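Chain by chain, the residues:
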Amino acid sequence: SGLLKGKRGLIFGVANNRSIAYGIAKAARAQGAEIALTYQGEALKKRVEPLAAELGGHIVGHCDVTDPATIDAVFAETEKLFGSIDFLIHCIAFSDKDELDGRYVDTTADNFTKSMFISCYSFTALAQRAEKLMPNGGSLVTLTYYGAEKWMPHYNVMGVAKAALEASVRYLAADLGPKNIRVNAISAGPIKTLAASGIGDFRYILKWNELNSPLRRTVTTDEVGDAGVYLISDLSRGVTGEVQHVDAGYHIVG
Ligand code: 0WD
C-alpha cells in the first residue's frame, strides 16, 4: 500500500466523484502519494473542494486550459506547495455535444479547433510546465479511448483528437525521455461519467462492451486508477510512449 510513498503530483480533470481523474486521485492517495487537484470554474470548485478534503489532497486553483494564465497560476501554486513534482495526470477532453452524434464529416472548423486544443494540445501545454517541476524525472499520464484507433459510432471529432493525443504521447516521450520523464496514456473502456453522457448512444456502447469484451464486463474508475498507480510508480520505470488499454480487453476484439 506504499507504492507511491514520497511522490507528489498534480491531477487535472476532477469534475465529480465519477470522474476518471477522481479514480486515479483516490488510488494514488491509497498508495501514499501527495496530490494537488485543480477545478474548472466556480461551479466545479464547490464539487471538487469536498472531494479534495475527503481524499486528504490539496487544491491549487482554477484551471481552464484555454486560458494559459490559469495554467501558469496553477503551476506557480504547485511549486509553492510541493517544490517539485513526480507525476501529472491529464483527464481533460471537450467537444461540442452536438457533434458527438451523427456524422464526423459534418464537423465544424470551430469545434474541430476547440476539441483539438482542449483534448490534445492541453496535454502538451501541461507537459511544458511539468518539465520544469520535474528535476528528478517523473511520469505524465493522459486518458485516451479506442475511438483513436478505430471508427466508433458518434465519437467523431473526439476520435481524431485522441489519435493526435496518442501521437503526442510518443513525441513527448521521445523529447522528455533523456530527463527521465516518462509519458504514457491509458486507453480506458467506456465508463458512465459526465463527459461520456454527451456521447450519442452511450448506453448501447456500454452494453456492447459488456457483451463482447474478453472479460464480459466494462471497467470501473477504480480499475483505471490502479493502472494509473502502475504508470506513476517505479514499477513502470522502463515504460514510456505506451498506450495501456484498461478496457476489459475490448481492443483485441472490436
Ligand atoms: O468512457 C469514458 N468516460 C472515457 C473517458 C473512456 C476513455 C477515455 N476517457 C477520457 C476522456 O476523454 C477525458 O480525456 O478520460 C478523460 C476524463 O473524462 P471523464 O472522467 O470521463 O469525464 P469528466 O468527469 O466529465 O471529466 C472531464 C473534465 C471536465 O468535466 P466536464 O464534464 O465538466 O467538461 O475535463 C475537464 C472538466 O473538468 N475539462 C477542462 N479542464 C480544464 N479546461 C476543460 C478545460 N477547458 N474542458 C473540460
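Residues numbered from 1 in each chain as written. Predicted model: local features only at pLDDT ≥ 70, side-chain atom pairs only at ≥ 80, totals over all residues. Heavy atoms only, no water.

Observations regarding the overall build of the protein chain
Next, step 1: When helices and strands are counted, the protein chain shows seven helices and seven strands.
Next, step 2: At 17 Å, the protein chain has a C-alpha radius of gyration in line with the 18 Å of a compact globule built from 254 residues.
Next, step 3: Each principal axis of the C-alpha distribution contributes one length, and for the protein chain these read about 45 × 40 × 40 Å.
Next, step 4: Counting across all 254 residues of the protein chain, residues that qualify as buried make up 54%.
Next, step 5: Of the contacts made within the protein chain by residues no fewer than 6 positions apart, 74% connect residues no fewer than 24 positions apart.
Next, step 6: Put simply, the protein chain shows about 11,600 Å² of open surface, and 53% of that area lies on carbon and sulfur atoms.
Next, step 7: Taken together, the 26 basic and 28 acidic charged side chains of the protein chain have centroids lying 4 Å from each other. (Helix = DSSP H or I, 4+ residues; strand = E, 2+ residues; numbered from the N terminus. Rg over C-alpha atoms; globule rule 2.2 N^0.38 Å. Buried < 20%, exposed > 50% of the residue type's maximum accessible area, 1.4 Å probe, protein only. Contact = heavy atoms within 4.5 Å. Areas by Shrake-Rupley, 256 points an atom, 1.4 Å probe, with all protein chains shown as cover. Lys, Arg positive; Asp, Glu negative; His and termini not counted. Charge placed at Lys NZ, Arg CZ, Asp CG, Glu CD.)

A short note on the site of the ligand
Next, step 1: Around the ligand there are 26 residues in total, and Ser-19, Ile-20, Lys-162, Ile-191 and Thr-193 lie nearest to it.
Next, step 2: Ile-20 places a main-chain nitrogen or oxygen 2.8 Å from an oxygen atom of the ligand.
Next, step 3: Separating an oxygen atom of the ligand from a backbone N or O atom of Ile-92 is a distance of 3.5 Å.
Next, step 4: In isolation the ligand offers 860 Å² of accessible surface; the protein chains occlude 91% of this area. (Near = heavy atom within 4 Å. Polar contact = N/O pair within 3.5 Å; in protein donor to acceptor, adjacent residues only side chain to side chain.)

As for helix 1 (residues 20-30)
Next, step 1: Summarising burial for helix 1: eight of the 11 residues are buried, a large majority.
Next, step 2: Buried residues of helix 1: Ile-20, Ala-21, Tyr-22, Gly-23, Ile-24, Ala-25, Ala-27 and Ala-28, and no others.
Next, step 3: One or two steps after helix 1, the chain reaches Gly-32, where phi turns positive at roughly 90°.

With respect to the packing of helix 3 (residues 68-82) against helix 4 (residues 109-132)
Next, step 1: At a minimum axis distance of 11 Å, the contact between helix 3 and helix 4 shows a crossing angle of 35°. Our pair here, helix 3 against helix 4, has a crossing hand that is right-handed. The segment helix 3 lies against helix 4, with Pro-68, Ile-71, Asp-72 and Phe-75 engaging Ala-125, Leu-126, Arg-129 and Ala-130.
Next, step 2: A class-by-class count of the residues in the contact of helix 3 with helix 4 yields six nonpolar, no polar and two charged. (Axes fitted to C-alpha atoms, helices over the stretch in contact; angles between N-to-C directions. Left-handed = near helix turned anticlockwise from the far one by under 90°. Nonpolar A, V, L, I, M, F, W, Y, C, P; charged D, E, K, R; others polar.)

With respect to the pattern of salt bridges
Next, step 1: Overall, the coordinates contain nine salt bridges when judged by the stated rule.
Next, step 2: Here Glu-49 makes a salt bridge to Lys-45, at a shortest N to O gap of 4.0 Å. One end of the pair, Glu-49, and the other, Lys-45, are both in helix 2 (residues 41-55), four residues apart, so they sit about a helical turn from each other.
Next, step 3: For Glu-223, the salt bridge identified is with Arg-217, shortest N-O distance 2.9 Å. (Salt bridge = Lys/Arg side-chain N within 4 Å of Asp/Glu carboxyl O.)

Notes on the packing of helix 1 against helix 2
Next, step 1: Look at helix 1 against helix 2: their axes get within 10 Å of each other, and the N-to-C directions meet at 20°. The angle between helix 1 and helix 2 places the two elements in the roughly parallel class. The hand of the helix 1/helix 2 crossing is right-handed. Residues Tyr-22, Ala-25, Lys-26 and Arg-29 of helix 1 form the contact with helix 2, whose participating residues are Leu-51, Glu-54 and Leu-55.
Next, step 2: Residue composition of the contact of helix 1 with helix 2, by class: four nonpolar, no polar and three charged. (Parallel < 35°, antiparallel > 145°, perpendicular 65-115°, else oblique.)

Some points on the side chain of Thr-144
Next, step 1: Within the secondary structure, Thr-144 sits in strand 5 (residues 138-144).
Next, step 2: Using a relative accessible area of 4% as the deciding quantity, one classes Thr-144 as buried.
Next, step 3: When sequence neighbours within four positions are dropped, the list of residues in contact with Thr-144 reads Lys-162, Leu-165, Glu-166, Ala-185, Ile-186, Ser-187, Ala-188 and Val-243.

A look at a negative patch on the surface
Next, step 1: Together, Asp-96, Asp-98, Asp-101, Asp-110 and Asp-201 give the surface a local cluster of negative charge.
Next, step 2: Among the secondary structure elements, Asp-96 is positioned in the loop between strand 4 (87-90) and helix 4. (Patch = residues over 30% accessible without salt bridge, like charges linked within 9 Å, V, L, I, M, F, W, Y side chains within 5 Å.)

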